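Descriptive structure summary
So the chains spell out like this:
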Amino acid sequence: MLTKFETKSNRVKGLSFHSKRPWILASLHSGVVQLWDYRMGTLIDRFDEHDGPVRGVHFHKSQPLFVSGGDDYKIKVWNYKLHRCLFTLLGHLDYIRTVQFHHENPWIVSASDDHTIRIWNWQSRTCISVLTGHNHYVMCASFHPKEDLVVSASLDQTVRVWDIAALRKKTVSPADDIMRLSQMNTDFFGGVDAVVKYVLEGHDRGVNWASFHPTLPLIVSGADDRQVKIWRMNDTKAWEVDTLRGHMNNVSSVLFHSRQDIIVSNSEDKSIRVWDATKRTGLQTFRREHDRFWILAAHPEINLLAAGHDSGMIVFKLERERPAFSLSGDSLFYVKDRFLRAFEYSTQKDTQLIPIRRPGSNTLNQGPRTLSYSPTENAVLVCSDIDGGSYELYVVPKDSYGRSDTVQEAKRGIGGSAVFVARNRFAVLEKSSNQVLVKNLKNEIVKKSPLPIATDAVFYAGTGNLLCRAEDKVVIFDLQQRIVLGDLQTSFVRYVVWSQDMESVALLSKHSIIIADKKLLHRCTLHETIRVKSGAWDDHGVFIYTTLTHIKYCLPNGDTGIIKTLDIPVYITKIYGNTIFCLDRDGKNRPIIIDSTEYIFKLSLLRKRYDQVMSMIKNSELCGQAMIAYLQQKGFPQVALYFVKDERTRFNLALESGNIEKALESAKKIDEKDHWYRLGVEALRQGNTGIVEYAYQRTKNFERLSFHYLITGNLDKLSKMMKIAEVKNDVMGQFHDALYLGDVRERIKILENAGHLPLAYITASVHGLHDITEHLAGELGDNVPSLPEGRKASLLIPPSPALCAGDWPLLMVSKGIFEGGLDDTGSGAHEDYEEAADADWGEALDIGEVDSIQNGDISMVLEDEHLHEENEEEGGWDLEDLDLPPDADTPKNTQNARSSMFVAPTPGMPVSQIWVQRSSLAAEHAAAGNFDTAMRLLSRQLGIKNFSPLKSLFIDLHMGSQTYLRAFTSAPVISVAVERGWSESASPNVRGPPALVFNFSQLEEKLKVGYKATTAGKFSEALKHFLAILHTIPLIVVETRGEVNEVKEFITVVKEYVLGLQMELKRRELKDNPIRQQELAAYFTHCSLQIPHKRLALQNAMTVCFKAQNLSTAAHFARQLLETNPSNENQARTARQVLQAAERNMRDATQLNYDFRNPFVMCGATYVPIYRGQKYVTCPYCSTHFVPAQQGQICNVCDLAVVGSDASGLLCSPSQIR
């Protein structure tokens, strides 16, 4: 007997299996009905409305119902989904022994101690028939599984078979009144719908049980005379066939097994007996120590039985259903129906090889248990449990595939288990002496080898090796050297599965799997609540296994997951790609197609095969909360981002992975206050001031916004915030903004408007604003407040911000494979928010409009004055509706500063001195505080003489390379040098170069801002940015030669913009000189600009010349503009129209100092062309050209170096010195 599940409880009197789910109902002598999941071993529910023992219980085949009958004379119908009793059927006058649903009709049959059997309609909730005739307690009654028959057993020593065909024909409600009258009489005399067909007499005592055979016309009964009788019936009569004797006490229950030709009975003699139904002999007996058996139940679909006894119940199987099989190359050898068969995977052809002797003994569970195959000799070892363990050796003739039907004489032997260990050698376990006998194919012993542990089974473990299993451990034993190669503590191992390369092994226990390597070094253990059935390795090193209900996978690190749900248990034999081949319990080979995407993805992630991961993300439909949770748990939230469509989840994942741009995208789509707030918090943590500002704007959080502008030193916007507060009538906000700005007059005005004249008076007098003081004193009259005497007033000045250079410098991290490869947002993501912020923020509004805005955009920011001034001053680009493409070709990198750490100072030479001695880089001298040598170096290297633009940069460098520690009050502050590229592993005695606050990536950011301002036509602002870059470059330090070249290219790019913008701004000033205006517009087109800016400059020059009737020159610019393939249709159209107009009259109205056919460079001071062949001098730093008259002057472009002076060249990297 194979016990699958056991419970401890009160005496079990009734049992019923659910037809589909792994559930069993047990009705107890205590009055409780229990619902168990026998697969998981858990109690699902209990129902306790009966008063007294419940003797009968039964599940409905398809509805969520069961019925119970008890000693309280009640039949109750329950709905297990609703967890309650639906109704009670009353009518029996004594204990109810059994209840059963009909398999088709809405009927229940019940047997009672009132000598009757009743049939009920559970839909109309009425009794439709009473079967009377027994003259003692009716112990059981049940419907025939197919025909209109009922069988009943009674203590009057008879078994009766009733014909209920008339009941089926009759409708559920009677047809007429006469029938209705007769219905009343049925309660007393029994109806005509059910008639006795046979009365089976033969038992000498009361009969406890009778049941039909599922298919044959047989009945089996058990009685208090300790006998089991088999009866046969035909259409006219029934007769006794045989009697089975062996029970020592009353037989409680008996039934035919649905799958095998056997009868199972149990009895108050504490035993379950199994009988052969054809030979009518006893096969096996299972006994319990102290518990009498009362009831048996068989599962309607699968090979399971259950028996109820005095202290609970057991669910069991009589025989193992796992087919014995062995794998060899492309073939599977297995035993089915007494034949050895072979299945080829490639052709999926199944062949019968040879018949195998079926054991002739009279016991169960004697079928083949394991199979071992030797491919070279074509020999098969079949092991079974006969005689306590034995084996048979068959050699399959080569020509016998599918032919041989003669039973081959096998070589036999006794042994716990037998496996091939070499081509023509197999090992047999001799348990009695705990040794292994190695035999040849003639079944002769070649060698004996004692085993290192008390072994109860052996498995193959590679040629010449055995895996020996004990109760709590396994070892690998080398038969040649007789040494243990590895051991491992395990729970009881049932099956062993080796990978194809024999590098990994899976040890399968009942509820766990241990994965180890070939030396039994433990890798991982998994636990399953449901029994583990089989497993195999796939090509990727993933272990695929089955439980009773699922196919699952296990990755090398122990992560598991479900691949597929199973309807019936299967045994995996081999895995080819996405196809799993398995045997079911009927011995059929079944290919199952699975989706391996999930575990291949996780495996790639585990093995860091990110290329595969990326292609799978792009091409497959991986999704679901489980996958997202897995990626989060494994530390890949940035990857999870690419699976998620739900914006809220995306937002959370983006914040978790610190991906501000993605979080911003999602926040825009969600557009809720809470999400903007969280985005602001994360952006502030990262120091991304642009997004912090944007988030605060979206939530209209003016207080935070004002404070944000204060700490970032953005006083322009802070003053705008003050105007907004004034418009919104937010006096407190306005006052705070005035305080932040240090604007005393504004504060006094606010206090005066709010009616706080004494406060206004004190503020004015403390700050010495006597004109206001007098005016306020006049208004206050006699109430002028007096100032406290002897107190010294201190001036409140807003602190200067720690960092004004935009976003905080971040650690330089290499972009992850995922950010680079998976970003589908393209390159425009970063500009997107800036434009959005600008667009939202920079809308010009009249103050009058603001009052009418209730919940509008935050575009209340009053840029109107500022914009008007700017536009009057510069007039933008003077172009209409220009749609420039985003600056896709500008370099994109966020600020990357190297990590800076503190190093405790050591006595000796000051660090600044070491820095100066070791370096020839001006930036490092400035950082060390040695401004004098820094200036000398810059003068020598770049010819710089005007250092006033560099003063603040020198100070920043020096401050940034030092930090200060306060020790204790009486001691001075300790200054600590901050080194570049410091690491813990570095020697404390070796000094690194100073940390610098300026780096190359900051310049790239500034360049982008300059480009953007140029595009927007804000030339003064753009010029400021470009000049700042030119002033910072001499103080930049980079590491590699490649970066040095980039810095030099940068100077050239920026210099062209500075020169061009200076000429354009000059042109704007010349209102009354149209000729010079045309010349400067023409020269601007010769600066090396980005394509979008080049187009704008060309369009500008074309427009200016066309208006001045210089049509030939205008046509030249139009042609050049069209050559750039403008993406804006308006630009192209205008250029074509200009060309058409010029072709009709190709002449210039005025002569310009401009010949586009002759190559020239521009003079940076006089803005005149220096044609090829003419003399010129250059700036040693920015290499701008000048006419010779400018020799010795400060360069107008960079405002640093002396034109024409000697200089050795830019030195900005240690690699240039080596």
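Nothing here was measured: the structure is a model prediction, and the numbers come from that model. (Residues numbered from 1 in each chain as written. Predicted model: local features only at pLDDT ≥ 70, side-chain atom pairs only at ≥ 80, totals over all residues. Heavy atoms only, no water.)

**Let's talk about the overall build of the protein chain**
- The helix and strand inventory of the protein chain stands at 32 helices and 64 strands.
- Per-residue burial over the protein chain gives 53% buried out of 1218 residues.
- By sequence separation, contacts in the protein chain at least 24 residues apart represent 50% of the contacts at least 6 residues apart.
- Working note: accessible area of the protein chain is about 56,400 Å², and carbon and sulfur atoms make up 50% of it. (Helix = DSSP H or I, 4+ residues; strand = E, 2+ residues; numbered from the N terminus. Buried < 20%, exposed > 50% of the residue type's maximum accessible area, 1.4 Å probe, protein only. Contact = heavy atoms within 4.5 Å. Areas by Shrake-Rupley, 256 points an atom, 1.4 Å probe, with all protein chains shown as cover.)

**Structural notes on the pairing of strand S60 (residues 974-980)**
- Within S60, five of the seven residues are buried, leaving the element largely enclosed by the surrounding structure.
- Pairing analysis gives four bridges linking strand S59 (residues 962-965) to S60, with the strands arranged antiparallel. From the neighbouring strand, Gln962 faces S60, where its bridge partner is Ala977. (Pairing = 2+ DSSP bridges.)

**Some remarks on the sheet that holds strand S36 (residues 411-414)**
- Overall, antiparallel pairing links the four strands, which are arranged S33-S34-S35-S36 in an open sheet. Single-partner strands in this sheet number two, and they are strand S33 (368-374) and S36. For this sheet, the mean inter-axis angle between neighbouring strands, taken without regard to orientation, is 20 degrees.
- Both strand S35 (residues 390-395) and S36 contribute to a ladder of four bridges, which runs antiparallel. In the strand pairing of S36, Leu393 is matched with Lys411. (Axes fitted to C-alpha atoms, helices over the stretch in contact; angles between N-to-C directions.)

**Considerations on the sheet that holds strand S52 (residues 560-565)**
- Read from one edge of the open sheet, four strands run S49-S50-S51-S52, paired in antiparallel fashion. Looking at strand neighbours, the two that pair on one side only are strand S49 (532-537) and S52, the edges of this open sheet. Here the strands of the sheet are splayed against their neighbours by 25 degrees on average, with no regard to which way each runs.
- For strand S50 (residues 543-547) and strand S51 (residues 550-554), the ladder comprises four bridges, and the chain directions are antiparallel. Of the residues in S51, the one forming a bridge with Thr546 is Ile551.
- Strands in contact with helix H3 (residues 597-606) are S50, S51 and S52; relative to S51, the strand with the most contacts, it is inclined by about 10 degrees.

**A word on the packing of helix H30 (residues 1111-1123) against helix H31 (residues 1129-1144)**
- The geometry of H30 relative to H31 is characterised by a closest axis approach of 9 Å and an angle of 145 degrees between their N-to-C directions. Between H30 and H31 lies a crossing whose hand is left-handed. Residue-level contacts link Leu1111, Ala1114, Ala1115, Ala1118, Arg1119, Leu1121 and Leu1122 of H30 to Gln1131, Ala1132, Ala1135, Arg1136, Val1138, Leu1139, Ala1141 and Ala1142 of H31.
- Across the contact of H30 with H31, the residue classes break down as 12 nonpolar, one polar and two charged. (Left-handed = near helix turned anticlockwise from the far one by under 90°. Nonpolar A, V, L, I, M, F, W, Y, C, P; charged D, E, K, R; others polar.)

**A word on helix H7 (residues 647-656)**
- The buried fraction of H7 amounts to seven of the 10 residues, a majority that puts the element mostly inside the structure.
- Among the residues making up H7, those that are buried are Glu647, Thr649, Arg650, Phe651, Leu653, Ala654 and Leu655.
- One or two residues past the end of H7 sits Gly658, with phi positive at roughly 70 degrees.

**As for the environment of His92**
- Checked against the element boundaries, His92 lands in the loop between strand S9 (84-89) and strand S10 (96-101).
- Classification of His92 by relative accessible area gives buried; the value is 5%.
- His92 sits 22 residues away from Asp114 along the chain, and the two C-alpha atoms are 6.7 Å apart.
- When residues no more than four places from it in sequence are discounted, the contact partners of His92 are Tyr73, Ile75, Ser110, Ser112, Asp114, Thr116, Arg118 and Trp120.
- Of the polar contacts made by the side chain of His92, one reaches the side chain of Ser110; its length is 2.6 Å. (Polar contact = N/O pair within 3.5 Å; in protein donor to acceptor, adjacent residues only side chain to side chain.)

**A closer look at unusual backbone geometry**
- Phi is positive for Asn378, close to 55 degrees, though the residue is something other than glycine.
- Here Asn378 lies in the loop between S33 and strand S34 (379-384).
- Note on Asn378: relative accessible area 3%, which makes it buried.

**Some remarks on the nonpolar core**
- Grouped together as the largest cluster of nonpolar side chains are 92 residues, with contacts concentrated most on Leu938, Phe1026, Ile1033, Tyr1181 and Cys1198.
- The element that contributes the greatest number of residues to this core is helix H27 (residues 1041-1069), accounting for 11 residues.
- Filtering out sequence-adjacent residues up to four positions away, Phe1026 remains in contact with Leu1007, Gly1010, Tyr1011, Thr1014, Val1054, Tyr1057, Val1058 and Leu1061.
- Membership of the second largest hydrophobic core comes to 58 residues, among which are Phe636, Leu653, Ile660 and Leu718. (Core = buried A, V, L, I, M, F, W, Y, C linked by side-chain atoms within 4.5 Å.)

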